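Residue strings, one per chain:
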Amino acid sequence: MDNPLIHPDRLFPPDPATRTVARRLYEAVRDLPIVSPHGHTDPRWYALNEPFPDPATLFVVPDHYVFRMLYSRGVPLEELGIPRKDGGPVETDPRAIWRRFAAHWHLFRGTPTRLWLDHAFATLFGIDEPLSPASADRLYDTIAAALERPEYRPRALFERFGIEVIATTESPLYDLKWHRAIRESGWGGRVITAYRPDPVVDPDFPGFAENLARFGEIAGEDTRSWPGYLAAHRKRRAYFKSFGATSSDHGHPSAATADLSPHEAEALFRRIAGGDASAADAELFRAQMLTEMARMSLDDGLVLQIHPGSFRNHNEHIFGRFGRDMGADIPTRTDYVRALKPLLDAFGNERDLTVILFTLDESTYARELAPLAGHYPALRLGPPWWFFDSPEGMRRFRELATETAGFYNTVGFNDDTRAFPSIPARHDVARRVDCAYLAELVVTHRLGEDEAAEVAHDLAYRLAKEAYKL
Ligand SMILES: [Zn+2]
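Rules behind the numbers
Residues numbered from 1 in each chain as written. Predicted model: local features only at pLDDT ≥ 70, side-chain atom pairs only at ≥ 80, totals over all residues. Heavy atoms only, no water. Helix = DSSP H or I, 4+ residues; strand = E, 2+ residues; numbered from the N terminus. Rg over C-alpha atoms; globule rule 2.2 N^0.38 Å. Buried < 20%, exposed > 50% of the residue type's maximum accessible area, 1.4 Å probe, protein only. Contact = heavy atoms within 4.5 Å. Areas by Shrake-Rupley, 256 points an atom, 1.4 Å probe, with all protein chains shown as cover. Donors = N, O, S within 2.8 Å, 3.2 Å for Na, K, Ca; no water. Pairing = 2+ DSSP bridges. Axes fitted to C-alpha atoms, helices over the stretch in contact; angles between N-to-C directions. Expected span 1.5 Å × (residues − 1). Salt bridge = Lys/Arg side-chain N within 4 Å of Asp/Glu carboxyl O.

Trainee: Please clarify how the overall build of the chain should be interpreted in this entry.
Mentor: Each helix and strand in the chain was counted, giving 20 helices and 9 strands. On C-alpha atoms alone, the chain measures out to a radius of gyration of 23 Å, which is about the 23 Å that the 2.2 N^0.38 rule sets for 470 residues. Out of the 470 residues in the chain, the part that is buried amounts to 57%. Taking the intrachain contacts of the chain between residues at least 6 apart in sequence as the baseline, contacts between residues at least 24 apart amount to 76%. A total accessible area of about 19600 Å² is found for the chain, and carbon and sulfur atoms account for 51% of it.

What follows is the structure, encoded as structure tokens:
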């Protein structure tokens, strides 16, 4: 009997003829290995291979999609066990956290979180009963008992999920000791890093001045000088590459780029490093650094990912009490056409450069992003990101971008997650939605089914490997 939590036809088209094609396309890609070229899982899990402690620590505490929704309906983050910056008291009983989560499970109706969690409950733990206040303890006990078994340790799950390669994301200030430990352990799982220099590129990043000094110490360069600062990036990028990195990633508030003369760039850097930069200087510096990173990418081959347009830490109160990444990041309007022009004037025609653009502003798909990626050889479009990593978000992306950019200016799927058990579910959703979209092209006679099958395979597997050089 089918498990009601994961109907075999979920996310497929309602029309029976289209659904039949979608089923066939999906059947051929369902079990392909997972390529996860961008994400935020903790490399420590794979290095130490310790059991995940309990269901709340696995599913609730680290997942900002989960706790932002509960917070929005009046549950204080303290009651979900989110650590406070001042070390003040928060809930420490995982079962109490889980019960609160279960009491609010209805909030997730119609959201991708519901799909991801039901998928994990069903496929990982064999659960076929919906979470509810009445079932909360039963699900808790089932999951908690499983987590004690060796086959639920991080490495075993990595293998069970069929992960061929996964990228984590690290700051240049980290030493990659967990990646080193993974390598030295002799385990065969492929866990690579990605270069995320925001803490030393964004003058508005907390602790920027100290970060800059530490960056110099770590790299053995004088990061008070512009040439020394750039040299430090080159060295750290090379170090990250030695731990498998094939990409850098940049989470800037806007997509602004700049291409200043060396003299102007040096003068700007002096103001930034001297600590008396204006807000405009800070924006210009981030903009210049995207172009500098593209220049370095031409030398060292790292793929450049730009994740712009998030207004970070929008809720002052939550930021003060709990810090960053607490579910209070809100998308803003993003302009790509003018913002990217300086970088594209410099490097947009380079065939050996790959710049992957993401957006939190869906209004740009058809107007800006697809036309840009459908022209400039250096540009590709990243998959729907964050709030749009969802069935509707994926469908809108294909509908708005494909006619201008095609499929081959896109890069497959990123799960972009910290929530380890959700990885198979997220890839499964992407595969289903893409097959549903392709099935529609088949039944409207725009694509032969053999071609659609090839595209489905490319979107599920090959494009991510190719775009990220994995
Ligand atoms: Zn990310």
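Trainee: Any chance you could explain the coordination of the zinc ion here in plain terms?
Mentor: Six octahedrally arranged donors around a metal ideally form angles of 90 or 180 degrees; four tetrahedrally arranged donors ideally form angles of 109.5 degrees. In this structure, His38 (NE2), His40 (NE2) and Asp416 (OD) serve as the protein donors to the zinc ion, at separations of 2.0 to 2.2 Å. Sequence spacing of the donor residues for the zinc ion, all on one chain, is H-x1-H-x375-D. Overall, histidine 38 belongs to the buried group, its relative accessible area being 2%.

Trainee: Looking at this model, I keep getting lost on unusual backbone geometry. Mind explaining?
Mentor: Peptide bonds are trans in most cases, and residues, glycine excluded, mostly fall at negative phi. Positive phi, close to 60°, is recorded for leucine 176, a residue that is not glycine. Its place among the elements puts leucine 176 in the loop between strand 2 (163-167) and helix 9 (177-185). Classification of leucine 176 as buried rests on a relative accessible area of 3%. With phi around 55°, asparagine 313 is a residue other than glycine that occupies positive phi space. Asparagine 313 gets classed as buried once you look at its relative accessible area, which sits at 17%.

Trainee: Any chance you could explain the sheet that holds strand 4 (residues 247-250) here in plain terms?
Mentor: Across a sheet, paired strands are connected by hydrogen bonds in the backbone, their directions being either parallel or antiparallel. An order of 4-5-8-9 is seen for the 4 strands of this open sheet, with the pairing classed as parallel. Each end of this open sheet is capped by a strand with a single partner; those strands are strand 4 and strand 9 (379-381). Taking each pair of neighbouring strands and ignoring which way they run, the sheet shows an average axis angle of 25°. As paired elements, strand 4 and strand 5 (residues 303-306) share 4 bridges and run parallel to each other. Counterpart to aspartate 249 in the pairing with strand 5 is glutamine 305. Relative to strand 9, helix 17 (residues 364-373) is tilted by about 130°, and along the sheet it contacts strand 8 (355-357) and strand 9.

Trainee: What am I meant to see in helix 19 (residues 423-443) here?
Mentor: One full turn of an α-helix is made of 3.6 residues, so residues set three or four places apart face in the same direction. Between the first and last C-alpha of helix 19 there are 31 Å, a value that for 21 residues agrees with the 30 Å anticipated at 1.5 Å per step. In the segment just after helix 19, histidine 445 is the residue with positive phi, at about 60°.

Trainee: Any chance you could explain the pairing of strand 5 here in plain terms?
Mentor: Of the two faces of strand 5, the one lined by Val303 and Gln305 and the one lined by Leu304 and Ile306 are each fully buried. Strand direction decides the pairing type here: strand 5 and strand 8, joined by 3 bridges, are parallel. Among the inter-strand pairings, isoleucine 306 is bridged to a residue of strand 8, identified as leucine 357.

Trainee: When you look at the pattern of salt bridges in this model, what are you seeing that I'm missing?
Mentor: Proximity of charged atoms lets side chains of opposite charge pair with each other. The final tally for this structure, using the stated rule, is 41 salt bridges. Through salt bridges with shared partners, a single ionic network connects Glu78, Arg84, Asp86 and Arg321.

Trainee: Is there a simple way to explain the sheet that holds strand 2 in this structure?
Mentor: A sheet is described by the order of its strands in space; here 3 strands give the open sequence 1-2-3, paired in parallel fashion. Whereas interior strands pair on both sides, the edge strands pair on one side only; in this sheet they are strand 1 (34-36) and strand 3 (191-192). Of the strand pairs in this sheet, strand 1 and strand 2 are connected by 3 bridges, and their pairing is parallel. Bridged to valine 35 within strand 2 is valine 165.

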